[in-house]
Amino acid sequence: MTAVRVSVDEHGPADAPVLLLANSLGTTRAMWNAQVPALAERFRVLTFDTRGHGASPVPDGPYSIDDLVDDVLALLDERGLERVHMAGLSLGGMTAMRLAAREPARVDRLALLCTAVRLDGAYYAQRAATARTEGTASFAAPVVSRWVTPAFAADHPDVLAGLEAMVAAIPDEGYAGCAEAIAGMDLRGDLGQITAPTLVIAGAGDEATPPALLQEIAEGITGAELVIVDPGAHLVPIESPDQVTDALLAHFDPAGGLR
């Protein structure tokens, strides 16, 4: 499939090291809003909407993880960026892993949040089918309920409502195509090919990608560090923003210290 030109925002100094942030299935680049201000003090931060999401094009599915990697490479090539830092959550983390394994010269340092090398293909194939037949709004509430802990949901009903609206606004075909990318994905053989210094972040209460799946990633990448965020479920950048921001700053700018 031909690469698409994804929609991008840039933050921070134009001459700073570049940090690319990749969103999860069912979200937009807005999922990183809490991290961007601090990160942009030290990096040229690029946030983008994965194909089929937000303001990016929605080609007909199915997509593959390599299609999503090709989109990222097209983005980097368009801006003349030979080597960048990259962080991704869930689907974004899968894309980042595959990019780092396929094109190791393009990734300097890597952060993988609440993701996995393989998930239940039948489940995501069914999710894709439901998106096409019933629409993303039909499952927005149950999906979001797994993204944050019950305590956070009870204390932040406005955030929960915003996340549900975000899922419901994702184009049905875009969501389905990306769900099919997850359904057909197996990155177990890629871990040993990743040479970038890697931070792996798990949410202690994540049901979608439990900490054991992140431990598998950390053990498969030479020298990787595992951090477990608590409290936190799947969208730890939203539920525990300061913990995540500090962990990313310490990893991507180890000489700079925390805020």
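The sections below set out a description of the structure shown in this document.

Thresholds, definitions, all that
- Residues numbered from 1 in each chain as written.
- Predicted model: local features only at pLDDT ≥ 70, side-chain atom pairs only at ≥ 80, totals over all residues.
- Heavy atoms only, no water.
- Core = buried A, V, L, I, M, F, W, Y, C linked by side-chain atoms within 4.5 Å.
- Buried < 20%, exposed > 50% of the residue type's maximum accessible area, 1.4 Å probe, protein only.
- Contact = heavy atoms within 4.5 Å.
- Pairing = 2+ DSSP bridges.
- Helix = DSSP H or I, 4+ residues; strand = E, 2+ residues; numbered from the N terminus.
- Axes fitted to C-alpha atoms, helices over the stretch in contact; angles between N-to-C directions.
- Expected span 1.5 Å × (residues − 1).
- Arc of directions from axis to C-beta.
- Salt bridge = Lys/Arg side-chain N within 4 Å of Asp/Glu carboxyl O.

**Things to note about the nonpolar core**
Counting 91 residues, the largest nonpolar core has Leu110, Leu113, Ile217 and Leu248 as the members making the most contacts within it. Discounting chain neighbours no more than four positions away, the residues touching Leu110 are Met86, Ala96, Ala100, Ile194, Ala196, Pro197, Thr198, Leu199, His251 and Phe252.

**Quick look at the sheet that holds strand β1 (residues 8-11)**
The pairing of strands in a sheet comes from backbone hydrogen bonds and takes either a parallel or an antiparallel form. The seven strands are arranged β1-β3-β2-β4-β5-β6-β7 in an open sheet whose pairing can be described as mixed. Strands with a single pairing partner mark the edges of an open sheet, and in this sheet they are β1 and β7 (225-229). Each strand axis lies, on average, 20° off the axis of its neighbour in the sheet, ignoring direction. In this sheet, β7 lies alongside strand β6 (residues 198-203) in parallel orientation, the contact comprising five bridges. By the bridge assignment for β7, Leu199 is matched with Glu225. Here helix α9 (residues 211-220) sits on the sheet and contacts β5 (107-113), β6 and β7; the angle it forms with β6, its principal contact strand, is near 170°.

**Points about the side chain of Ser90**
You can see Ser90 is positioned in the loop between β4 (84-89) and α3 (91-102). When neighbours within four sequence positions are excluded, Ser90 is seen to be in contact with Ser24, Leu113, Cys114, Thr115 and His234.

**A closer look at helix α7 (residues 157-169)**
The terminal C-alpha atoms of α7, which comprises 13 residues, lie 18 Å apart, in line with the 18 Å expected from a rise of 1.5 Å per residue. Among the residues of α7, Leu160, Leu163, Met166 and Val167 are the ones counted as buried. Buried positions in α7, seen along its axis, are confined to an arc of 120° and lie on one side of it. In α7, the exposed positions that point more than 90 degrees away from the buried face belong to Pro157, Asp158 and Ala169. Its buried side turned inward, α7 meets α5 (140-145), α6 (150-155) and α10 (236-239).

**Details of the pattern of salt bridges**
Scanning all chains against the criterion turns up 17 salt bridges. Between Asp66 and Arg98 there is a salt bridge, with the nearest N and O atoms lying 2.9 Å from each other. You can see Asp66 sitting in helix α2 (residues 65-78) and its partner Arg98 sitting in helix α3, a full 32 residues away along the chain. Asp66 sits in the partly exposed class, given a relative accessible area of 27%. Residues Arg79 and Glu78 are paired through a salt bridge, measuring 3.5 Å at the closest nitrogen-oxygen approach. Exposure remark for Arg79: the relative accessible area of 29% places this residue in the partly exposed category. You can call Glu78 partly exposed: its relative accessible area is 41%. Taken together, the shared-partner salt bridges connect Arg5, Glu10, Arg44, Glu78 and Arg79 into one network.

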